[in-house]
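# Reading the structure
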There are 2 protein chains.
Amino acid sequence: MANLHLNVSEVLDHISLDCVIFGFHDNELKVLMLRLKHTNAYALPGGFLKHEETLEQAAERTLKERTGLDNIFLKQFKVFSDPNRDKLKKDNPEFLKNEPPEVVAFFNKRFISVGFYALVEFSKVDPQPDALSEACEWISPFADVEMFIDHKDIIDKALTTLRIQLNQQPIGLKLLPRKFTMPQLQKLYETILGRELDRRNFQRKILSYKILNKLNERKTGGAHKAPFLYEFNRESYKQALEDGLSGIW
Amino acid sequence: MANLHLNVSEVLDHISLDCVIFGFHDNELKVLMLRLKHTNAYALPGGFLKHEETLEQAAERTLKERTGLDNIFLKQFKVFSDPNRDKLKKDNPEFLKNEPPEVVAFFNKRFISVGFYALVEFSKVDPQPDALSEACEWISPFADVEMFIDHKDIIDKALTTLRIQLNQQPIGLKLLPRKFTMPQLQKLYETILGRELDRRNFQRKILSYKILNKLNERKTGGAHKAPFLYEFNRESYKQALEDGLSGIW
DNA sequence: TCAAAAGTGTTTCAAATACACCCATGG
DNA sequence: CCATGGGTGTATTTGAAACACTTTTGA
């Protein structure tokens with residue numbers, strides 16, 4: 001059974017990072033998580049900081065390992081530094097049972113963890129478990145499952161941040177496939193905001209920003225009337241976000 | 001000459017924090033900074049993380065030491081983790097010349113620094129230099145002075161964050177004295193936003209939130225017509241911020 | 001052929017903006 | 001007595017919200 005191959009001298013003590021990787025599929029928001037070996041708990045993909053890296057580079061590296069993707073949209077949102085936050089780790093080191101002693105010792109130090117959230121296009125992700133986990137899978141951020149130490153808190157905080165930053169960050173652009181329908185975009189906004197929006201007002205408002213190109217294609221295959229496909233106009237979207245999408249949904 | 005009396009075994013390696021302490025005085029935004037000994041550079045008040053502390057507690061401790069104040073409004077806004085960020089420190093260790101070798105060695109490690117911003121009532125602060133600095137004083141966040149390593153970047157980022165969070169955080173409440181005038185409050189908003197606002201519209205809008213109590217007093221002593229004094233209605237202000245002061249200035 | 005989803009348009013109401021006049025004060 | 005800053009009011013424009021009808025589709 002493969003172990004972590006973590007060279008503890010390559011990374012800084014006391015500092016870790018956790019990534020809340022958001023995807024959007026079947027009109028639902030998802031988070032990519034690891035199911036830890038020998039436990040039922042889910043954990044966020046995370047990692048440690050190498051000597052010559054920034055935290056952003058370390059997060060990118062982690063993302064690449066779990067999703068296969070480069071150039072992911074990534075943002076720090078909070079540092080979790082409760083000295084008791086990793087208490088559970090010491091009580092439940094089951095998932096470390098195949099690791100060498102120096103790795104176990106390293107894990108048992110106190111860590112402050114920098115939370116990042118990432119936005120990825122669901123269909124492009126190839127989920128890769130790490131050596132400490134049995135599976136890497138998408139679950140609902142609202143799912144009531146057992147989570148490693150404070151990872152539930154980290155997800156909740158990421159969601160709150162996402163909600164607040166919905167009008168300042170290219171959330172739609174990063175979470176949806178290149179071509180998408182208006183109802184899809186609306187569902188995305190609704191999921192993040194946690195409330196329903198009026199279909200017609202939503203469309204009018206989002207179109208008024210001139211950040212979408214309407215395509216001469218419709219999404220076929222679904223039941224009911226075929227909706228048009230849209231794509232983001234990357235130029236104007238970028239510009240619009242710099243000004244802030246002035247409204248609040 | 002007093003030295004730091006830093007017991008390096010009490011704090012974690014590699015982790016520091018810096019506080020951008022905002023105050024408002026003479027209708028101008030100010031930042032509390034230290035002037036480092038034996039250099040011309042200004043540095044942000046900062047500190048290290050003790051083993052049993054959260055970062056927030058460590059920041060509070062730092063704030064208490066520099067300002068004499070407790071219960072300060074404090075918020076994390078970013079972690080600065082460029083591996084070269086403290087390069088200058090190694091080139092210019094002048095301000096450490098009275099420190100024992102273990103302290104110098106500690107300072108020469110790589111640090112990632114968690115940025116906090118704090119909002120304080122200017123007149124209540126009693127600025128206290130630390131052992132490494134000659135003075136602790138208020139300067140303009142826009143001042144073009146020499147700053148320690150990346151502290152200018154940290155201030156800029158704090159300002160940007162403050163601007164974005166102006167409608168979500170109790171910024172007025174924390175920065176102004178208990179009684180203040182409408183023009184003062186407006187100047188505060190204008191300074192943070194970096195643009196002018198219409199006097200009459202500002203007043204109408206801020207009053208519409210019902211977060212101010214108009215007092216039966218006027219601010220005397222100034223030239224020209226004496227403006228009324230207001231105070232925040234803490235109950236409704238708190239409530240309003242939870243909902244977000246829906247507008248954007 | 002009909003239920004359910006999607007396209008499109010109008011009316012209404014609230015908020016942001018622009019603008020004007022009067023009042024008080026110290027120099 | 002007047003320049004400056006402060007108090008208060010109104011008309012206009014803009015955008016958000018509420019709401020209705022028609023079209024397309026697969027079951």
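The present account deals with the structure reproduced in this document. Keep in mind it's a predicted model, so treat the numbers as computed, not measured.

Residues and elements named next belong to chain A. Most of strand β5 (residues 73-80) sits inside the fold, with six of its eight residues counted as buried. Of the strand pairs in this sheet, β5 and strand β6 (residues 112-119) are connected by seven bridges, and their pairing is antiparallel. Looking at β6, one finds that Phe73 is bridged to Leu119.

It is worth spelling out unusual backbone geometry at this point. The phi angle of most residues is negative, glycine excepted, and most peptide bonds adopt the trans form. All names here are of chain A. If you check the backbone angles, Asn27 has positive phi at about 60° while not being a glycine. Here Asn27 shows up in the loop between β1 (11-25) and β2 (28-36). A relative accessible area of 35% places Asn27 in the partly exposed class. Of note, the phi angle at Lys210 is positive, near 55°, even though the residue is not glycine. Turning to its location among the elements, Lys210 is positioned in the loop between α7 (199-208) and β9 (212-218). Exposure remark for Lys210: the relative accessible area of 63% places this residue in the exposed category.

Let us now look at the packing of helix α6 (residues 182-193) of chain B against helix α7 (residues 199-208) of chain B. Any two packed helices are characterised by how steeply their axes cross, that is the angle between the axes, and by the distance between the axes. Residue and element names in this part refer to chain B. Across the interface, α6 lies against α7 with an axial gap of 11 Å and an inter-helix angle of 95°. The orientation of α6 relative to α7 falls into the category roughly perpendicular. Residue-level contacts link Met182, Leu185, Gln186 and Tyr189 of α6 to Arg199, Phe202, Gln203, Ile206 and Leu207 of α7. Residue classes in the contact of α6 with α7 are distributed as six nonpolar, two polar and one charged.

This part is about the relation of the copies chain A and chain B. Least-squares fitting of chain A to chain B yields an RMSD of 0.1 Å, with the superposition described by an axial translation of 0.0 Å and a rotation of 180°. Both chain copies can therefore be described as sitting about a two-fold axis. Same-surface contact between copies: 100% of interface residues of chain A are shared with the interface of chain B.

This part covers the protein's contact with DNA strand C. DNA strand C sits among 21 residues. The nearest are Arg199(A), Arg200(A), Phe228(A), Arg200(B) and His224(B). Each atom of DNA strand C within 4 Å of the protein was classed as base or backbone; sugar and phosphate made up 51%. A distance of 2.9 Å separates a base nitrogen of DNA strand C from a polar atom in the side chain of Arg199(A). In the environment of DNA strand C, a base nitrogen lies 3.4 Å from a nitrogen or oxygen atom belonging to the side chain of His224(A). Among the elements that make up the surface near DNA strand C, the one with the highest residue count is α7(B) (five residues). Counted by class, the surface near DNA strand C contains five nonpolar, five polar and eleven charged residues.

Here we come to the pattern of salt bridges. Scanning all chains against the criterion turns up 30 salt bridges over all chains. Notably, a salt bridge pairs Asp13(A) with Lys109(A), separated by 3.1 Å at the nearest N-O pair. Note that Asp13(A) is positioned in strand β1 and Lys109(A) in the loop between α3 (101-107) and β6, a separation of 96 residues in sequence. As a salt-bridge pair, Lys187(B) and Glu190(B) come within 3.4 Å of each other at their nearest N and O atoms.

Our next topic: the packing of aromatic side chains. All names here are of chain A. Overall, the coordinates contain 28 aromatic pairs over all chains when judged by the stated rule. Seen from their ring centres, Phe180 and Phe232 are 4.9 Å apart, and the 35° between their planes marks the pair as tilted. With Phe180 in strand β8 (residues 180-181) and Phe232 in strand β10 (residues 228-232), this residue pair connects regions lying 52 residues apart in the sequence. Each of the two residues, Phe180 as well as Phe232, counts as buried. With centroids separated by 5.6 Å and ring planes inclined at 65°, the aromatic side chains of Tyr189 and Phe202 adopt a geometry described as edge-to-face. Of the two residues, Tyr189 sits in helix α6 (residues 182-193) while Phe202 sits in helix α7, which places them 13 residues apart along the sequence. The exposure class assigned to Phe202 is buried, which follows from its relative accessible area of 1%. Three or more aromatic residues link up through ring pairs in this structure, and these residues are Phe48, Phe95, Phe106, Phe107, Phe111 and Phe148. Across the ring face of Phe228, the terminal group of Lys214 is positioned such that the distance to the ring centre comes to 4.1 Å. Directly above the aromatic system of Phe228 lies the positively charged group of Arg218, at a separation of 3.9 Å from the ring centroid.

The subject of this paragraph is the interface of chain A and chain B. Taken residue by residue, the interface counts 23 residues in chain A and 23 residues in chain B. With both chains or domains summed, chain A and chain B bury close to 1,800 Å², and 64% of this area falls on carbon and sulfur atoms. Contact with chain B buries surface across chain A, with His14(A), Val79(A) and Arg110(A) losing the most and accounting together for 23% of the total. Where chain A touches chain B, the interface holds zero salt bridges. Here chain A is connected to chain B by ten residue pairs in polar contact (both at pLDDT 80 or more). Residue assignment for the side of chain A that touches chain B shows that the elements contributing at least two residues are β1, β4 (46-50), α1 (55-67), β5 and β6 of chain A.

Moving on, we get to the pairing of strand β1 (residues 11-25) of chain B. All names here are of chain B. Counting buried residues in β1 gives 13 out of 15 residues, a clear majority hidden from the surface. Bridging between β1 and strand β4 (residues 46-50) involves four bridges; their strand directions are antiparallel. Bridging across to β4, Asp18 finds its partner in Gly46. Bridging between β1 and strand β6 (residues 112-119) involves eight bridges; their strand directions are parallel. Residue Cys19 lies in a different strand from β6, and its bridge partner there is Phe116. In terms of strand pairing, β1 meets strand β2 (residues 28-36) through four bridges, oriented antiparallel. In the sheet register, Phe24 faces β2, and the bridge partner there is Leu29.

Procedures and definitions
- Residues numbered from 1 in each chain as written.
- Chains lettered and ligands numbered in written order.
- Predicted model: local features only at pLDDT ≥ 70, side-chain atom pairs only at ≥ 80, totals over all residues.
- Heavy atoms only, no water.
- Buried < 20%, exposed > 50% of the residue type's maximum accessible area, 1.4 Å probe, protein only.
- Helix = DSSP H or I, 4+ residues; strand = E, 2+ residues; numbered from the N terminus.
- Pairing = 2+ DSSP bridges.
- Axes fitted to C-alpha atoms, helices over the stretch in contact; angles between N-to-C directions.
- Parallel < 35°, antiparallel > 145°, perpendicular 65-115°, else oblique.
- Contact = heavy atoms within 4.5 Å.
- Nonpolar A, V, L, I, M, F, W, Y, C, P; charged D, E, K, R; others polar.
- Least-squares fit on C-alpha atoms with pLDDT ≥ 70 in both.
- Near = heavy atom within 4 Å.
- Polar contact = N/O pair within 3.5 Å; in protein donor to acceptor, adjacent residues only side chain to side chain.
- Salt bridge = Lys/Arg side-chain N within 4 Å of Asp/Glu carboxyl O.
- Phe/Tyr/Trp six-rings, centres within 6.5 Å; stacked < 30°, edge-to-face > 60°.
- Lys NZ or Arg CZ within 6 Å of the ring centre and 35° of its normal.
- Buried area = accessible area lost by both parts, 1.4 Å probe.

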